[in-house]
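# Understanding the architecture of this molecule
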Amino acid sequence: MKLPAFGGRLRGTAVLALLPLLTLTACGSGDTGGTAAVGAQASPAPTTDPVASVRTVDSVAALLPADVRRSGTLRVGSSIGFPPGAYYPNGSDKAPAGQDIDLADAVAKVLGVRLRRQDASFETILPALGSGKYDVGTGNFGVTTERLKTIDFVTYVNDGQGFAVKKGNTAIEKVTDLTQLCGLTVGTGAGTTFETTLTAQKDECAKAGKKPYDVKVYSENAATLTALQQGRIDVIMSTINGLRYQASQPASQTTFLGEYHRLDVGFAFKKGSPLTKAFRAAVDELIKDGTYARILRKWGTSASAIETSRINPPEHA
């Protein structure tokens, strides 16, 4: 699931901002949505700040490599895509906000480090981890068997894949099998688990004697939503939390069709990174002291809570 850089950025007064649809992060969702979606505006960011009271926990910070403790900084490749994960409520020239931003900021405070964020398109972050450009990646990255071959994950929520249609479209009420999409045009985000899932199972329609579905891939979240509103696609596949949030915004004019497949979502690292144990312990510390629950409650994502963080869990069957 392209969150968003999951990181540290709440601002003061929030104005209505363009709502970029989501492209997960399948999960991996999230891109740096730039194009304005027709009539789609996001609500102002909540003003509560559950991260403010978080303090460094020395026993957890001690798990960081010595060079990181000395520098006191971590480079974060961050995909800012859509609420509630990570988005720009006040414009891209201001700080981002969202569940993933708060969680990354809280983890950094537990570890006693500063995050040096660099906005990046969702599909570029995982390869850049391997090259050493970033220490950690955020963007609602879902844990998949394929990604586990080259990426280490530290989980922090359970999100996943879902579908949405334009409000008033009653032809599809729920997607439990991709053959229900046969003959339709599906929009999703570039480099996401959604794109991978749709591409891998496209021949299921032919096996069922039906016309294949067509997949349209967009590099910007807002462009995907605009395509739905203008009738150029019939359905969107993206993150559960993102689509649910979007449907709650009257201006977006979408209907959430429910969950299709759950995925663990985590901070992403290059394979063999020495940072994973410290990040897992920091997430667990936030769960234990109640900060984690307050962050999810703030963003309306409590249903995605996990009981404990894990390193590289197997993909959900």
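Everything quoted here is computed from the prediction, not taken from an experiment.

The next subject is the confidence of the model for the protein chain. Here the protein chain shows a mean pLDDT of 87. Residues at 70 or above account for 86%. Considering only residues more than four positions removed or in separate chains, one finds that residues 1-41, a stretch of pLDDT under 50, has 272 contacts.

Relative to the helices and strands, Thr197 is located in helix α5 (residues 193-200). Take Thr197: its relative accessible area is 15%, and that puts it in the buried class. For the pair Thr197 and Gln161, spaced 36 residues apart in sequence, the C-alpha to C-alpha distance is 9.6 Å. Apart from the residues within four sequence positions on either side, Thr197 is in contact with Gln161, Leu178, Tyr213, Met237 and Tyr260. For Thr197, the side chain forms a polar contact with the side chain of Gln161, separated by 3.1 Å.

When two helices pack together, their arrangement is given by the angle between their axes and by how far apart the axes lie. One way to put it is that helix α9 (residues 276-289) packs onto helix α10 (residues 291-299) with a least axis distance of 4 Å and a crossing angle of 80°. Relative to α10, α9 is oriented roughly perpendicular. From α9, Leu286, Ile287 and Asp289 reach across to α10, where they touch Thr291, Tyr292 and Arg294.

Geometrically, the link from Pro83 to Pro84 is a cis peptide bond, its omega value of 5° lying close to zero. Unusually for a residue other than glycine, Asn140 sits at a positive phi of about 60°. With respect to the element layout, Asn140 can be found in the loop between β7 (136-138) and β8 (151-166). Residue classification places Asn140 among the buried residues on the basis of a relative accessible area of 4%. With a phi angle near 55°, Gln253 is a residue other than glycine that sits in the positive phi range. Tracing the backbone through its elements, the reader meets Gln253 in the loop between α8 (240-247) and β12 (254-270). Among the residues examined, Gln253 registers a relative accessible area of 39% and is labelled partly exposed.

Across the eight residues that make up α8, a large majority, six, are buried. A distance of 3.0 Å separates the backbone nitrogen of Gly242 from a side-chain oxygen at the start of α8, and that oxygen is part of Thr239.

Analysis parameters
- Residues numbered from 1 in each chain as written.
- Predicted model: local features only at pLDDT ≥ 70, side-chain atom pairs only at ≥ 80, totals over all residues.
- Heavy atoms only, no water.
- pLDDT = per-residue confidence, 0-100.
- Contact = heavy atoms within 4.5 Å.
- Helix = DSSP H or I, 4+ residues; strand = E, 2+ residues; numbered from the N terminus.
- Buried < 20%, exposed > 50% of the residue type's maximum accessible area, 1.4 Å probe, protein only.
- Polar contact = N/O pair within 3.5 Å; in protein donor to acceptor, adjacent residues only side chain to side chain.
- Axes fitted to C-alpha atoms, helices over the stretch in contact; angles between N-to-C directions.
- Parallel < 35°, antiparallel > 145°, perpendicular 65-115°, else oblique.

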